[in-house]
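What follows is the residue order along each chain.
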Amino acid sequence: MLHLLLTRGLAVVCAASFIESLGAPVPAFPLLLLAGSIAAEHHSSAVPLVAASACGFWIGDLIWYAFGRIQGRRVLGLLCRLSLNPDACVGRAERRFRRRPAMTVAAAKFVPGFSLMVAPLAGILHMPPVQFAAIDGAASITWSAAAVMSGVWYGRRVLPHVMQTQRAIGLLGGAAVLAFVVWKL
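Summarised in this report is the structure supplied together with it. (Residues numbered from 1 in each chain as written. Predicted model: local features only at pLDDT ≥ 70, side-chain atom pairs only at ≥ 80, totals over all residues. Heavy atoms only, no water.)

### A closer look at the environment of L125
So, point 1. As for its placement among the helices and strands, L125 is situated in the loop between helix 7 (114-124) and helix 8 (129-153).
So, point 2. Every residue in contact with L125, bar those within four places of it in the chain, is listed here: E94, F97 and R98. (Helix = DSSP H or I, 4+ residues; strand = E, 2+ residues; numbered from the N terminus. Contact = heavy atoms within 4.5 Å.)

Here it is as structure tokens:
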């Protein structure tokens, strides 16, 4: 992962943020923390990392907004199926959004799980596209800056642990492949 971040850092950060924004269980925060740590270690600017991450989140949210606008409640129902009580999920999310739509869009990035529902909900409830794009863009920049700058500030403390973890994961992965081959033989 370190080599990938060093060679294609902006693309990796943008892709991770985009994938998380679409709802895949790939957390971008650890990667952004690591990217910020690498930027601090190599004395490079963190601004391009923040911009790349924010663009990834923003594009993913715009896609969900468009799906919500086009498909309507079916999109939100699909997202709420993972909830224990899907009917309450849709109703609760909609009530929160109707009370304070702009504040909900701005704060959603900072509430895990809720951010995925707000973009399609904004589309379903016909929030003006320009307003959604502006608020969500600002929230994406703020969240990305917080994640990357945490890596920059704590960079020297984070990087050694990442190196140890990467070695451990590599060893475990190699052992798993070896065990699979032995089992197959």
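Let us keep going from here.
### What about the pattern of salt bridges?
So, point 1. This structure, assessed with the given rule, holds two salt bridges.
So, point 2. Salt-bridge contacts for K109 lead to D61; the nearest nitrogen and oxygen are separated by 2.4 Å. Residue K109 is located in the loop between helix 6 (101-108) and helix 7, and its partner D61 is located in helix 3 (residues 47-71); the two are separated by 48 residues in the primary sequence.
So, point 3. Note on K109: relative accessible area 10%, which makes it buried.
So, point 4. Residue D61 is classed as buried on the basis of its relative accessible area of 2%.
So, point 5. D136 is the partner of K109 in a salt bridge, and the nearest nitrogen-oxygen pair spans 3.9 Å. Remark: D136 occurs in helix 8 and K109 occurs in the loop between helix 6 and helix 7; sequence separation between them is 27 residues. Exposure class is identical for K109 and D136. Each is buried.
So, point 6. What emerges from the salt-bridge pattern is a single network uniting D61, K109 and D136. (Salt bridge = Lys/Arg side-chain N within 4 Å of Asp/Glu carboxyl O. Buried < 20%, exposed > 50% of the residue type's maximum accessible area, 1.4 Å probe, protein only.)

### Quick notes on the nonpolar core
So, point 1. Membership of the largest hydrophobic core comes to 18 residues, with the highest contact counts inside it found for F97, V105, V118, A122, M127 and F132.
So, point 2. Looking at this core, the elements that each hand over two or more residues are helix 3, helix 4 (73-80), helix 6, helix 7 and helix 8.
So, point 3. Looking at which element gives the most residues to this core, the answer is helix 7, with seven residues.
So, point 4. Contacts of A122, omitting those with residues within four sequence positions, involve Y65, F97, M127 and F132.
So, point 5. With 16 residues, the next largest nonpolar core counts A16, L32, F57 and A147 among its residues. (Core = buried A, V, L, I, M, F, W, Y, C linked by side-chain atoms within 4.5 Å.)

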